[in-house]
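Understanding the architecture of this molecule
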Amino acid sequence: MAAAGMREGGSNRGPEHRHLSAINSHKIVERHAVRVLLLDARGDVLLLHTRDLSDENFGSAWELPGGGVEDGESFFAAVSREIVEETGIDLDEACLSAPTWRRDVLYTYRGERRLQHESIAVAHIPDLAPAVSTNQRVAFESEDHFEYRWWTPQDIVDSCERFFPRSLPTVLFRMLQGEMIVEPLEVWPEI
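A short tour of the structure in this document, coming up.

What counts, and where the lines are drawn
Residues numbered from 1 in each chain as written. Predicted model: local features only at pLDDT ≥ 70, side-chain atom pairs only at ≥ 80, totals over all residues. Heavy atoms only, no water. Helix = DSSP H or I, 4+ residues; strand = E, 2+ residues; numbered from the N terminus. Buried < 20%, exposed > 50% of the residue type's maximum accessible area, 1.4 Å probe, protein only. Contact = heavy atoms within 4.5 Å. Areas by Shrake-Rupley, 256 points an atom, 1.4 Å probe, with all protein chains shown as cover. Pairing = 2+ DSSP bridges. Phe/Tyr/Trp six-rings, centres within 6.5 Å; stacked < 30°, edge-to-face > 60°. Lys NZ or Arg CZ within 6 Å of the ring centre and 35° of its normal. Salt bridge = Lys/Arg side-chain N within 4 Å of Asp/Glu carboxyl O.

Take the overall build of the protein chain next. Each helix and strand in the protein chain was counted, giving 5 helices and 10 strands. Expressed as a percentage of the 191 residues in the protein chain, the buried residues total 47%. Residue pairs in contact within the protein chain that sit at least 24 positions apart in sequence constitute 69% of those at least 6 positions apart. Total accessible area on the protein chain stands at roughly 9800 Å², and carbon and sulfur atoms take up 50% of it.

Set out below in structure tokens:
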């Protein structure tokens, strides 16, 4: 199966193809990941302000919480573990939708080039803007997630900030309406 944005056989003349060809000689770690559009009782969205301290050129971005899926882990188990690790919020499975946004992203994190296949779902929690706990963060998460904020959806759409996924402001309302979203390959740094 071809990667998102690529034709079968890899024949795509777009910028993503040129970029992938240019890095073909470098090792790329492929993995699956989950992310969550986490909504509080008011409908505000939790985003984590993140950076990669190993790469000062990355800068920072506001990202949806989530991360890699471990071997044998179900979608809900991965989401639940990642949300607890990154935020301290314990999700009830009934609060979580099936994933409605699928995307692939090519990026570098802590010196490792990754091709990540992401499944993104919506979760509604009954609390109003709960505080984020950092007590269960693992590895570099405490350094890399240095701030959090509950955003109104309109504030995200209107913002000039940088987001991960980059297209969050343009697909947010479509996702909230339950639309299935499948995106082409997103490449960091931008090409």
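This paragraph deals with the pairing of strand β1 (residues 29-39). As judged from the 11 bridges shared by β1 and strand β6 (residues 112-124), these two strands associate in the parallel manner. The residue bridging valine 34 from the neighbouring strand is serine 119, located in β6. Where β1 and strand β4 (residues 66-68) come together, 3 bridges link them in antiparallel fashion. What sits directly across from valine 34, in β4, is glycine 67.

The peptide bond linking phenylalanine 164 to proline 165 adopts the cis configuration, its omega dihedral lying at 5°. By the element assignment, proline 165 lies in the loop between β8 (163-164) and α5 (168-176). Looking along the chain, the bond that leaves tryptophan 188 and enters proline 189 is cis, with omega of -5°. Mapping proline 189 onto the fold places it in the segment after β10 (186-187). Phi is positive for arginine 110, which is not a glycine, with a value near 55°. Take arginine 110: it is sitting in the loop between β5 (101-109) and β6. Here arginine 110 falls in the partly exposed class, since its relative accessible area comes to 22%. Here alanine 129, not a glycine, exhibits a phi torsion of approximately 45°, which is positive.

On to the packing of aromatic side chains. Counted under the stated rule, the structure contains 5 aromatic pairs. Relative to phenylalanine 164, the ring of tyrosine 107 lies with its centre 5.8 Å away and its plane at 65°, an arrangement referred to as edge-to-face. Note that tyrosine 107 is positioned in strand β5 and phenylalanine 164 in strand β8, a separation of 57 residues in sequence. Taking the relative accessible area as the measure of exposure, tyrosine 107 reaches 10% and is therefore buried. Every member of this aromatic cluster is reached through a ring pair, and the members are Phe58, Tyr107, Phe164 and Trp188. Positioned above the aromatic ring of tryptophan 188, the side-chain terminus of arginine 166 is 4.6 Å from the ring centre.

Attention now moves to the pattern of salt bridges. According to the stated counting rule, one finds 14 salt bridges in the structure shown. With its nearest N and O atoms 2.8 Å apart, the salt bridge here joins arginine 110 to aspartate 144. Taken together, the residues arginine 110 in the loop between β5 and β6 and aspartate 144 in helix α3 (residues 141-144) connect sequence positions 34 residues apart. Shared partners join several salt bridges into a network, and the residues in it are Arg35, Glu63, Arg103, Glu118 and Glu186.

This part is about the pairing of strand β2 (residues 45-51). The element β2 is largely enclosed, with a buried count of 6 among its 7 residues. Pairing geometry for β2 and strand β7 (residues 145-151), over 6 bridges, is antiparallel. Of the residues in β7, the one forming a bridge with valine 45 is tryptophan 151. In this sheet, strand β3 (residues 60-63) lies alongside β2 in antiparallel orientation, the contact comprising 4 bridges. In the strand pairing of β3, leucine 48 is matched with glutamate 63.

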